[in-house]
Amino acid sequence: MKIYNYKDLSKSKIEELCSRQIEDDKLVEERVADIISTVKKDGDQALFNFAKAFDKVELEKLFLDTGELKAIASAIPADAKKAIDTAYQNIKTFHQSQLKTEDKIETMPGVVCWRESRSIEKVGLYIPGGTAVLPSTFLMLATPAIIAGCKEIVVCSPPQNDGKTNCYLAYCAVLLGIEKVYLIGGAQAVAAMAFGTESVPQVYKIFGPGNRYVTTAKTMVQNKVAIDMPAGPSEVLVIADETANSAFIAADLLAQAEHGTDSQAILVATSEEIINQTLKEIENQLAILPRKDIAAKAIANSYAVLAENLEQAMQFSNEYAPEHLILATEQFQSLIPLIINAGSVFLGNFTPESVGDYASGTNHTLPTSGFAKAYSGVSTDAFLKKITFQQLSATGLSNIGPTVEILAAAEGLEAHKNAVSIRLNFESEVGGPMSEDKTT
Ligand SMILES: NC(=O)c1ccc[n+]([C@@H]2O[C@H](COP(=O)([O-])OP(=O)(O)OC[C@H]3O[C@@H](n4cnc5c(N)ncnc54)[C@H](O)[C@@H]3O)[C@@H](O)[C@H]2O)c1
Ligand SMILES: N[C@H](CO)Cc1c[nH]c[nH+]1
Ligand SMILES: [Zn+2]
């Protein structure tokens, strides 16, 4: 892990450090474009072929049904079942609290405007399953989809070596009442949900994290379907001062590093000692990790920055716009107002990022690659559309009508003007403002 001194960093070096560009990005784009067009052309057959090529399994069918899911789920150990149930309850409680009805607003006398939510009818959820199967992602995506009231929920996850999925993922399906899990991974899963195949229903919006193939595919199908956001390889940025614990910081950095070799684990500290101690801790903790090779590569591609103070550290963090931001300092309260860009924030020395990954209740599907500058993480809102309504009484129309007539004339759109004038004239013909105002 390289160490930089913030005061020596030029603007262009900061930009380079904050960019998540990888050399073979172009190659991935070409491959993904090819996968998408093959799925569009060959449908199910392409999915069988890609499962063989990328997941090394010959599938007999592309999905597991309820009976199969129940049978697989029955192998789940009791403690895991209990842990999933607890995580589910917290995620449900937090996401249910996001359902809000908005007030009706009278913008002028007799002019009433409001918004109502409607669920997106057909949604597709991608559950990663390449380097690790992530049943936690199933909870994070399906729970808000169900709360929002989505009618059709299509779930895809890569097949495992036995051509099935594991008992944890199957248990989530049973718990959530999802009747089918499609055994499709990578860009081909995204293409299948975007365009539909003989077996896979087409959806209106695709959700879920994934590796570079999945994320690139999501960005490429956006002229056909909506997507939640680019949620690619995991990343964490830890801001630390002398009140932090270097063993805790190392553990948090390694937690995201073990997701994949392209994960990013960034430390921005106000003390050289904390950086050096953390690097030592990383070495110690790496040694005992089963996925040490993956984590070590991700750590090697990551870096530390020495900042003069916490405000400067925050400045770097806002430029980086991390998926996860950990404020490993007793001073975290004063930093909260300074946060501009971050997916999800973990406050103080006793809030490990892993709690948000699994069970605190917040969603772990979050923007990466700097997209936290513009996107939010998945929430119940992401599964809803907000439809605006307006209703005018006769008084309302006479109050607002002349304004609209003038604006329509200014744009040279006579028919727009007339849609107002015809009503105002009708009113004056029948004798002044229409008798009864029926504004809701
Ligand atoms: N941002 C978030 O919210 C968030 C949340 C959870 C996980 N993640 C990230 O999701 C990612 C999961 O990645 P993963 O690989 O473990 O699982 P994945 O399910 O995203 O990808 C596995 C699939 O990738 C495809 N693939 C693999 N190699 C390929 C190749 N050479 N060419 C074409 N396709 C190929 C295969 O079809 C395979 O099924 C990790 O990077 C993790 O950090 C992000
Ligand atoms: N850290 C991931 C989001 O970047 C989410 C996750 C799932 N399981 C463990 N972690
Ligand atoms: Zn994680």
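Scroll up to find the structure this text is about.
Residues numbered from 1 in each chain as written. Chains lettered and ligands numbered in written order. Predicted model: local features only at pLDDT ≥ 70, side-chain atom pairs only at ≥ 80, totals over all residues. Heavy atoms only, no water.

> Just to check I follow, could you spell out the coordination of the zinc ion (ligand 3) for this structure?
Ideal donor angles around a metal are set by the shape: a four-donor tetrahedron calls for 109.5 degrees, a six-donor octahedron for 90 or 180 degrees. Protein-derived coordination of the zinc ion (ligand 3) comes from His-259 (NE2) and Asp-357 (OD), at a distance range of 2.1 Å. Classification of the site at the zinc ion (ligand 3) as irregular follows from its four donor atoms and the range of 86 to 178° in their angles at the metal. Taken together, the residues span a long stretch of sequence, with His-259 in the loop between helix 10 (246-257) and strand 11 (264-269) and Asp-357 in helix 15 (residues 353-358) at a distance of 98 residues. Given the relative accessible area of 29%, His-259 is considered partly exposed. (Donors = N, O, S within 2.8 Å, 3.2 Å for Na, K, Ca; no water. Tetrahedral: all angles 85-135°; square planar, octahedral: opposite > 155°, others 65-115°. Helix = DSSP H or I, 4+ residues; strand = E, 2+ residues; numbered from the N terminus. Buried < 20%, exposed > 50% of the residue type's maximum accessible area, 1.4 Å probe, protein only.)

> Mind showing me how you'd approach the site of ligand 2 here?
The full set of residues close to ligand 2 is Leu-134, Ser-136, Ser-234, Gln-256, His-259, Glu-323, His-324, Asp-357, Tyr-358 and His-364. Ser-136 places a polar side-chain atom, nitrogen or oxygen, 3.3 Å from a nitrogen atom of ligand 2. Within the side chain of Asp-357, one N or O atom sits 2.9 Å away from a nitrogen atom of ligand 2. Computed on the free molecule, ligand 2 has an accessible area of 290 Å², of which 94% lies beneath the protein chains in the complex. (Near = heavy atom within 4 Å. Polar contact = N/O pair within 3.5 Å; in protein donor to acceptor, adjacent residues only side chain to side chain. Areas by Shrake-Rupley, 256 points an atom, 1.4 Å probe, with all protein chains shown as cover.)

> Teacher, can you tell me more about the site of ligand 1 here?
Neighbouring ligand 1 are 30 residues; Asp-55, Tyr-126, Thr-131, Asn-211 and Ser-234 lie closest to it. Take Thr-131: an N or O atom from its main chain is 2.7 Å from an oxygen atom of ligand 1. In this structure, an oxygen atom belonging to ligand 1 sits 2.8 Å away from a main-chain N or O atom of Asn-211. Summarising the interface, the protein chains cover 89% of the accessible area of ligand 1, which totals 860 Å² for the free molecule. When contributions to the shell around ligand 1 are tallied by element, the ones reaching two or more residues are helix 2 (25-42), helix 8 (186-195) and helix 9 (212-220). For the shell around ligand 1, a count of residues per class yields 13 nonpolar, 14 polar and three charged. Viewed by domain, the shell around ligand 1 spans two of them, domain 1 (2-20 + 233-361) and domain 2 (25-110 + 120-230), each represented by three or more residues. (Nonpolar A, V, L, I, M, F, W, Y, C, P; charged D, E, K, R; others polar. Domains from an automatic or database assignment.)

Geometric descriptors of this kind do not, in isolation, establish any biological role.
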